[in-house]
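Residue-level structure breakdown
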Amino acid sequence: ESDHRLLNDLQMIVSLLSLQSRASTNAEVVSQLATAADRVATIGRIHRRLHSLDGVQTFALKQYLEDLCRDFSMMLSSEDHPERVILVEGIEIVLPAVTAIPLGFIANELITNAAKYGKGRITVSLEPNPAKGYALSVANDGPALLEGFDPAACKGLGMRIVRSLVERISGELRICRGDMSQGTRFTVLFS
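Throughout what follows, the structure given in this document is the object of discussion. These numbers come from a predicted model, not from an experiment.

Quick word on the overall build of the chain
Counting its regular elements, the chain contains five helices and seven strands. For the chain, with 191 residues in total, the buried portion stands at 39%. When contacts within the chain are restricted to residue pairs at least 6 apart in sequence, those whose partners lie at least 24 apart make up 66%. In the form shown here, the chain has an accessible surface area of approximately 10700 Å², with 55% of it arising from carbon and sulfur atoms.

What about the environment of leucine 19?
Residue position: leucine 19 is located in helix α1 (residues 2-23). Considering only alpha carbons, one finds leucine 19 and leucine 33, 14 residues apart in sequence, at a separation of 9.4 Å.

Overview of the side chain of threonine 187
Along the polypeptide, threonine 187 turns up in strand β7 (residues 184-190). Of the polar contacts made by the side chain of threonine 187, one reaches the side chain of serine 137; its length is 2.8 Å. If near-sequence neighbours (up to four positions away) are discounted, threonine 187 is found in contact with Ala135, Leu136, Ser137, Glu172, Leu173 and Arg174.

Details of the packing of helix α4 (residues 97-117) against helix α5 (residues 157-168)
Axis separation between α4 and α5 bottoms out at 9 Å; the angle between their running directions is 155 degrees. One finds that α4 runs roughly antiparallel with respect to α5. The way α4 lies across α5 gives a crossing that is left-handed. Residues Pro102, Phe105, Ile106, Glu109, Leu110 and Asn113 of α4 pack against Gly158, Met159, Ile161, Val162, Leu165, Val166 and Arg168 of α5.

Some words on the nonpolar core
Residues Leu61, Leu103, Ile106, Ile111, Val124, Leu136 and Phe190 are the most contacted members of the largest nonpolar core, which totals 33 residues. Among the elements of the structure, α3 (61-78), α4, β4 (122-129), β5 (133-140), α5 and β7 are those that each provide at least two residues to this core. With nine residues, α4 is the largest single contributor of residues to this core. Apart from the residues within four sequence positions on either side, phenylalanine 190 is in contact with Leu61, Ile93, Leu95, Thr99, Leu103, Leu126, Lys132, Gly133, Tyr134, Ala135, Leu136 and Ile169. Membership of the second largest hydrophobic core comes to seven residues, among which are Val14, Leu17, Leu33 and Val40.

The rules behind these values
Residues numbered from 1 in each chain as written. Predicted model: local features only at pLDDT ≥ 70, side-chain atom pairs only at ≥ 80, totals over all residues. Heavy atoms only, no water. Helix = DSSP H or I, 4+ residues; strand = E, 2+ residues; numbered from the N terminus. Buried < 20%, exposed > 50% of the residue type's maximum accessible area, 1.4 Å probe, protein only. Contact = heavy atoms within 4.5 Å. Areas by Shrake-Rupley, 256 points an atom, 1.4 Å probe, with all protein chains shown as cover. Polar contact = N/O pair within 3.5 Å; in protein donor to acceptor, adjacent residues only side chain to side chain. Axes fitted to C-alpha atoms, helices over the stretch in contact; angles between N-to-C directions. Parallel < 35°, antiparallel > 145°, perpendicular 65-115°, else oblique. Left-handed = near helix turned anticlockwise from the far one by under 90°. Core = buried A, V, L, I, M, F, W, Y, C linked by side-chain atoms within 4.5 Å.

Structure, rendered in structure tokens:
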């Protein structure tokens, strides 16, 4: 019952934020309220997905990422972006929930940024990494980040969330250019 009420409350918050954004004439306010509504809606989707796995101590991460990306693909296609494709590549690994859940939130933030700032294809990959164990990467085909981009100096909430969650799982965040020096690739190394 409490989970049902929480999901209803989250949906009400999303609705209130959406109504408030439509009432504003300030483009910056509209953008910030829409971003907040998207984040709350994402928390609801993730909570719903996790609740369906109630009591499970481990997660198949690639399957979890495929489900998450399917949600994003539906959202992007509804925004009239037919060129936006999200691919999930790599291996399947089973992780403890204490690692998989933060990685799910990290992937959510990185995919959101890739959709917001990038163009074309977004690729989410999960690969073995000899140094740390595994690597979760999110790359886009859009413009590359400026040379010397420092995520620690970034004031955006999304990047602060990513850094905090990477730290929580004792991971390492790396940023580089994407495939064929196009776009940007964010990689989280973890064990």
